[in-house]
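Chain and residue survey
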Amino acid sequence: MTSIFTQAGPLRAGSREYFFWLHPEWWCKALCGFAWVVMLIHGWQHAGHEVHDRMTFSQELGYWMLMCAAMMLPLVMYQVWLTAAGSLWTRRHRAIAGFLAAFFVPWLVLGIAAVGLRQSSWKYGYAIPAIAFLSAALWQLTAAHRRGLIACHRTMPLAPSGWRADRDCLRFGGFIGGACVWVCWPLMLACTFAGHNLIALAGSMFVAGTERWRFRPRQVLLATLAMAGYYSVLYFAAISSRALP
Amino acid sequence: MSTHKHWAKPPIWLSQLILVSGALFEGCGLAPAGPVVQKELHMQSSASDPKKPQKSRPPIRETVGATSAPFELGRGIATTSFEVHAPTGPALLRADGEARHVLLRIENVRSDYLAPPFDVYLNVPPGEDPRRHPELFAFTLSTFGLVEMSASTGGHAGNGLNFLRDVTELYGFLSAAKDWDPKALRVSFVTSSWDESAPIKVQVGRVSLMIE
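Everything in this summary refers to the structure shown in the same document. This one's a predicted model, so the numbers in the text were calculated from it and none came from an experiment.

Thresholds applied
Residues numbered from 1 in each chain as written. Chains lettered and ligands numbered in written order. Predicted model: local features only at pLDDT ≥ 70, side-chain atom pairs only at ≥ 80, totals over all residues. Heavy atoms only, no water. Helix = DSSP H or I, 4+ residues; strand = E, 2+ residues; numbered from the N terminus. Buried < 20%, exposed > 50% of the residue type's maximum accessible area, 1.4 Å probe, protein only. Contact = heavy atoms within 4.5 Å. Areas by Shrake-Rupley, 256 points an atom, 1.4 Å probe, with all protein chains shown as cover. Axes fitted to C-alpha atoms, helices over the stretch in contact; angles between N-to-C directions. Parallel < 35°, antiparallel > 145°, perpendicular 65-115°, else oblique. Left-handed = near helix turned anticlockwise from the far one by under 90°. Nonpolar A, V, L, I, M, F, W, Y, C, P; charged D, E, K, R; others polar. Disulfide = S-S within 2.5 Å. Polar contact = N/O pair within 3.5 Å; in protein donor to acceptor, adjacent residues only side chain to side chain. Phe/Tyr/Trp six-rings, centres within 6.5 Å; stacked < 30°, edge-to-face > 60°. Pairing = 2+ DSSP bridges. Salt bridge = Lys/Arg side-chain N within 4 Å of Asp/Glu carboxyl O. Lys, Arg positive; Asp, Glu negative; His and termini not counted. Core = buried A, V, L, I, M, F, W, Y, C linked by side-chain atoms within 4.5 Å.

Secondary structure assignment for chain B yields four helices and nine strands. Going residue by residue from the N terminus, the α and β elements of chain B occur as α-α-β-β-β-β-β-β-α-β-α-β-β. The buried share of chain B, reckoned over its 212 residues, is 43%. Excluding contacts between residues fewer than 6 apart, the proportion of contacts in chain B whose partners are at least 24 apart in sequence is 78%. In the structure as shown, chain B presents an accessible area of about 10900 Å², 55% of it carried by carbon and sulfur atoms.

Encoded structure:
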């Protein structure tokens, strides 16, 4: 018979092995979980004064990338799985690594710009996140945002082996990362200016997931406006407290 | 296009018979069953054991070969080939002890123009007309909705059409041929009759072979 029907060495298909076979993207989920744990600890340590929290450039950039991993990886888990499933079995993890490496490049570029902006002293207040969330709500009404959202669902053919396979994984990851940045950049900037506040992170995650998986523009818009309102209230509360004798 | 197949069905029943007889001989200590067969037998026997009920696990597909670049289909015959690798993962094992399935996947079929359906053949000898080999016919690739699925308007990404077809029977037939090369697979696409003045320009993203 053919090589396909030929049995090779012994295989053990216990529950654990079967789980890892079924979910080759398991370590991507673990990475996402780790990022959430770090962000939760950070949010817990700076609860209540995240907006005023000043960090060095490298620290801020590190938290930006962790925030991207925590919030964006769940949204592209299907594409990660698709990359693994479309690759030869022996190179499935390499394919995932290539996809993720390229996926995070656009986020890193935006992160450098965002952290550069964040370093300015006038960014440490409630007005900036409120304006950023309002901008995010307005961005969701545009046709460009809708086009980006559609592009997030794009798939690309992957070569099975050789340098072409690596190139295709990088290209696929880069394309999805670019589309992801195009759709979510105002929300992520708002989260950064909110000092990685957990409410902002969870709210933005909800918005991004809802608009990606269940396209309900009105609810998504309302959720983003609610976050803009939340930071507006905080801003005016801060002003009024300063005005008190 | 005739889809009639002149050859007998692949020996799925035979593999089951071998497994059962292997189990009987194994009990007598006569048959040197291979390691995976032993595992399959073990899983079969344990599944039938009422004291140790096993969860039903769906099979996992494993890609064993694919084209390395997109290609175009036009008028006439288009052929592509790719290397087939031996499975190294879950395709080696079927948890439920059944025979494996061979699946042909055609991904990201896109076109800006209406196109006719294509007949797909496997391992047609080079230089020969696939239509002279009805026994190598795999399936018809329908192009219904091709233009709509190729455009990134209307709320979807324009990924085109994707097809997944079970070619286990044909693959079993091919593997029995004398000139069978297990490390390569040729896939031929043949257009049906179509308006001569209308252009045919269909892009195929990838053709891959999967085992489950």
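Along its length, chain A carries 10 helices and zero strands. Helices and strands appear in chain A in the N-to-C order α-α-α-α-α-α-α-α-α-α. When burial is assessed residue by residue, chain A has 53% of its 245 residues classed as buried. Look at the contacts in chain A between residues 6 or more apart in sequence, and 82% of them connect residues 24 or more apart. As presented, chain A carries roughly 11400 Å² of accessible surface, and 69% of it is formed by carbon and sulfur atoms.

Residues of helix α7 (residues 143-151) of chain A that are buried: A144, H145, G148, L149, I150 and A151 of chain A. Tucked inside the fold, the buried residues of α7 of chain A contact α6 (127-139), α8 (162-193) and α9 (198-213) of chain A.

The next point concerns the packing of α6 of chain A against α8 of chain A. The angle between the axes and the distance between the axes are what describe a pair of packed helices. Residue and element names in this part refer to chain A. Remark: α6 packs on α8, axes separated minimally by 8 Å, with the N-to-C direction vectors making an angle of 165°. Relative to α8, α6 is oriented roughly antiparallel. Of the two elements, α6 crosses α8, and the hand of that crossing is left-handed. In this structure, α6 contributes I128, P129, A132, F133, A136 and W139 to the contact, and α8 contributes W182, V183, W185, P186, L187, A190, C191 and F193. Here the contact of α6 with α8 is built from residues that sort into 14 nonpolar, no polar and no charged.

Residue and element names in this part refer to chain A. Within the structure shown, the criterion is met by zero disulfides over all chains. Of the cysteine sulfurs around C180, a residue in no disulfide, the closest is that of C152, at 5.0 Å. The exposure class assigned to C180 is buried, which follows from its relative accessible area of 0%. Free cysteine C184: the closest other cysteine sulfur is in C180, separated by 5.2 Å.

This part takes up the side chain of R91 of chain A. Residue and element names in this part refer to chain A. In this structure, R91 sits in the loop between α4 (77-85) and α5 (92-118). One polar contact links R91 to D166, side chain to side chain, over a distance of 2.5 Å. With near-sequence residues (within four places) excluded, R91 lies in contact with P160, S161, A165, D166 and C169.

Right, let's get into the packing of aromatic side chains. Residues and elements named next belong to chain A. The tally for this structure, following the rule as stated, stands at 12 aromatic pairs over all chains. Taking 6.2 Å as the distance between ring centres and 55° as the angle between the ring planes, the aromatic pair formed by W64 and W107 counts as tilted. In this pair, W64 is assigned in helix α3 (residues 57-72) and W107 in helix α5, connecting sequence segments 43 residues apart. The exposure classification of W64 matches that of W107, with both residues buried. When the ring of Y78 is compared with that of W81, the centres are 6.1 Å apart and the planes differ by 25°; the resulting orientation is stacked. Placement of both Y78 and W81 in helix α4 is noted, with a separation of three residues, approximately one turn of the helix.

So, on to the sheet that holds strand β6 (residues 137-141) of chain B. Residues and elements named next belong to chain B. Across the sheet, which stays open at both edges, the four strands sit in the order β3-β8-β5-β6 with antiparallel pairing between neighbours. The sheet is open, and its two edges are formed by β3 (77-83) and β6, each paired on a single side. The average undirected angle you get between the axes of adjacent strands in this sheet is 20°. Here strand β5 (residues 118-122) pairs with β6 via four bridges, running antiparallel. The residue of β6 that forms the bridge with F118 is L141.

Residues and elements named next belong to chain A. Per the stated rule, a full pass over the model turns up 10 salt bridges over all chains. A salt bridge links E60 to R118, with the shortest nitrogen-to-oxygen separation between them at 3.5 Å. Within this pair, whereas E60 is found in helix α3, its partner R118 is found in helix α5, the two being separated by 58 residues in sequence. When sorted by exposure, E60 lands in the same class as R118, which is buried.

Take R92 of chain A: it is sitting in helix α5. Among buried Asp, Glu, Lys and Arg side chains, R92 of chain A stands out as unpaired, with E62 of chain B the closest opposite charge at 7.8 Å. Dropping the residues within four chain positions of it, R92 of chain A is found in contact with P24, A84 and S87 of chain A.

A separate point is the packing of α7 of chain A against α8 of chain A. All names here are of chain A. Two elements in contact, α7 and α8, have axes separated by 8 Å at closest approach and are oriented at 150°. Regarding the angle of α7 to α8, the classification is roughly antiparallel. Crossing geometry of α7 relative to α8 is assigned as left-handed. Between α7, through A144, H145, G148, L149 and A151, and α8, the contact on the second element is made entirely by F175, I176, A179, W182 and V183. When grouped by side-chain class, the residues that make up the contact of α7 with α8 number eight nonpolar, two polar and no charged.

The next point concerns the nonpolar core. Among the nonpolar cores identified, the biggest contains 64 residues, and W64, M72, L73, F103, W107, F133 and M188 of chain A are the most heavily contacted of them. In terms of residues, this core owes the most to one element, α8 of chain A, which gives 13 residues. Setting aside residues up to four positions removed in sequence, W64 of chain A forms contacts with W107, L110, G111, A114, V115, M188, L189, T192 and H196 of chain A. Membership of the second largest hydrophobic core comes to 40 residues, among which are L73, L104, A115 and L170 of chain B.

Without other data, these values stay purely geometric and don't point to any function.
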